[in-house]
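Letter by letter, the chains look like this.
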Amino acid sequence: MKRLYQRVTGWWTAFALAASLAMLGAAHAFERFAGLPPCNLCLKQREVFWAAVIIAGSATFWAVFSRASRGTPRIAAFLLAAVFVTGAITAGFHAGGELGWWALPATCSAGNPLDFDLQSLSALAEGTGETRPIISCGDVAWRFAGLSMAGWNFLISAALAIVSLLAAKRPKDARAPKA
């Protein structure tokens, strides 16, 4: 178990990159194959994982191609912790709004007004345009074990933030991955 912990924390950015890509893949699969269109807050939660992909990908690339003997940089783990905490806050806010604990912003009850142009409005008026459903952030489209997607995203983002902090806090002598 200790060896696994050292391996994960030593190369945390590679694991965080894989986890972020998996979360984005799952979100896009739910949208594409399950027919669950995202709301505005769902899209904001995806942005967090895209930021994590950029940070983790850059740090992993640097560590691999610079032949870093001490693993991935600690600063990247701290940055990832901040990104995943942001994701947990966003997902927690979304999940709390779905449960009715607080009101969600007005942008969650309608589509983005910038998505329409004159041609699309003309096509809608003529009856030839494509209509897209307006997704409310307060509507739960899918649940598993009593949690919505936002609830699961909260738990996963919080866990990723905790492991990021552990990876950033690891002792100097433990940062060198054992080959």
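A few points on the structure. (Residues numbered from 1 in each chain as written. Predicted model: local features only at pLDDT ≥ 70, side-chain atom pairs only at ≥ 80, totals over all residues. Heavy atoms only, no water.)

## Quick notes on the overall build of the chain
Each helix and strand counted, the chain has 6 helices and 2 strands in total. Mapped in sequence order, the helices and strands of the chain form the string α-α-α-α-α-β-β-α. Relative to its 179 residues, the chain shows a buried fraction of 32%. The long-range fraction of contacts in the chain, counting pairs at least 24 apart against all pairs at least 6 apart in sequence, stands at 78%. For the chain, the accessible surface area stands at approximately 10,900 Å², while carbon and sulfur atoms represent 68% of it. (Helix = DSSP H or I, 4+ residues; strand = E, 2+ residues; numbered from the N terminus. Buried < 20%, exposed > 50% of the residue type's maximum accessible area, 1.4 Å probe, protein only. Contact = heavy atoms within 4.5 Å. Areas by Shrake-Rupley, 256 points an atom, 1.4 Å probe, with all protein chains shown as cover.)

## Things to note about helix 2 (residues 12-32)
Taking 1.5 Å per residue as the helical rise, helix 2 with its 21 residues ought to reach 30 Å, and the 30 Å between its terminal C-alpha atoms agrees with that figure. Those residues of helix 2 that fall on the buried side of the exposure criterion are Trp12, Thr13, Ala16, Leu17, Ser20, Met23 and Leu24. Here the buried residues of helix 2 occupy an arc of 140 degrees about the axis, which is enough to place them on one side. (Expected span 1.5 Å × (residues − 1). Arc of directions from axis to C-beta.)

## Brief notes about the packing of helix 2 against helix 4 (residues 74-98)
Between helix 2 and helix 4, whose axes approach to 10 Å, the crossing angle comes to 30 degrees. One finds that helix 2 runs roughly parallel with respect to helix 4. Handedness of the crossing formed by helix 2 with helix 4: left-handed. Of helix 4, the residues touching helix 2 (which contributes Trp12, Thr13, Ala16 and Ser20) are Ala76, Ala77, Leu80 and Phe84. Classifying every residue of the contact of helix 2 with helix 4 by side-chain character gives 6 nonpolar, 2 polar and no charged. (Axes fitted to C-alpha atoms, helices over the stretch in contact; angles between N-to-C directions. Parallel < 35°, antiparallel > 145°, perpendicular 65-115°, else oblique. Left-handed = near helix turned anticlockwise from the far one by under 90°. Nonpolar A, V, L, I, M, F, W, Y, C, P; charged D, E, K, R; others polar.)

## So, the environment of Trp11
Mapping Trp11 onto the fold places it in the loop between helix 1 (2-10) and helix 2. Counting along the chain gives 62 residues from Trp11 to Pro73, while the straight-line C-alpha distance between them is 9.0 Å.

## Some words on a nonpolar patch on the surface
Taken together, the side chains of Ile75, Phe78, Leu79 and Leu165 present a nonpolar region at the surface, about 390 Å² in accessible area. Considering each element in turn, the nonpolar patch owes the most residues, 3 residues, to helix 4. If you trace the backbone, Leu79 turns up in helix 4. Leu79 sits in the partly exposed class, given a relative accessible area of 43%. (Patch = residues over 30% accessible without salt bridge, like charges linked within 9 Å, V, L, I, M, F, W, Y side chains within 5 Å. Salt bridge = Lys/Arg side-chain N within 4 Å of Asp/Glu carboxyl O.)

## A look at the nonpolar core
Core analysis: the largest hydrophobic core is formed by 18 residues, its most contacted members being Trp12, Ala16, Phe49, Leu80 and Phe84. Elements with a minimum of two residues in this core: helix 2, helix 3 (40-65), helix 4 and helix 6 (149-169). Apart from the residues within four sequence positions on either side, Phe49 is in contact with Ser20, Met23, Leu24, Phe84, Asn153, Ser157 and Leu160. (Core = buried A, V, L, I, M, F, W, Y, C linked by side-chain atoms within 4.5 Å.)

Geometry only, nothing functional implied.
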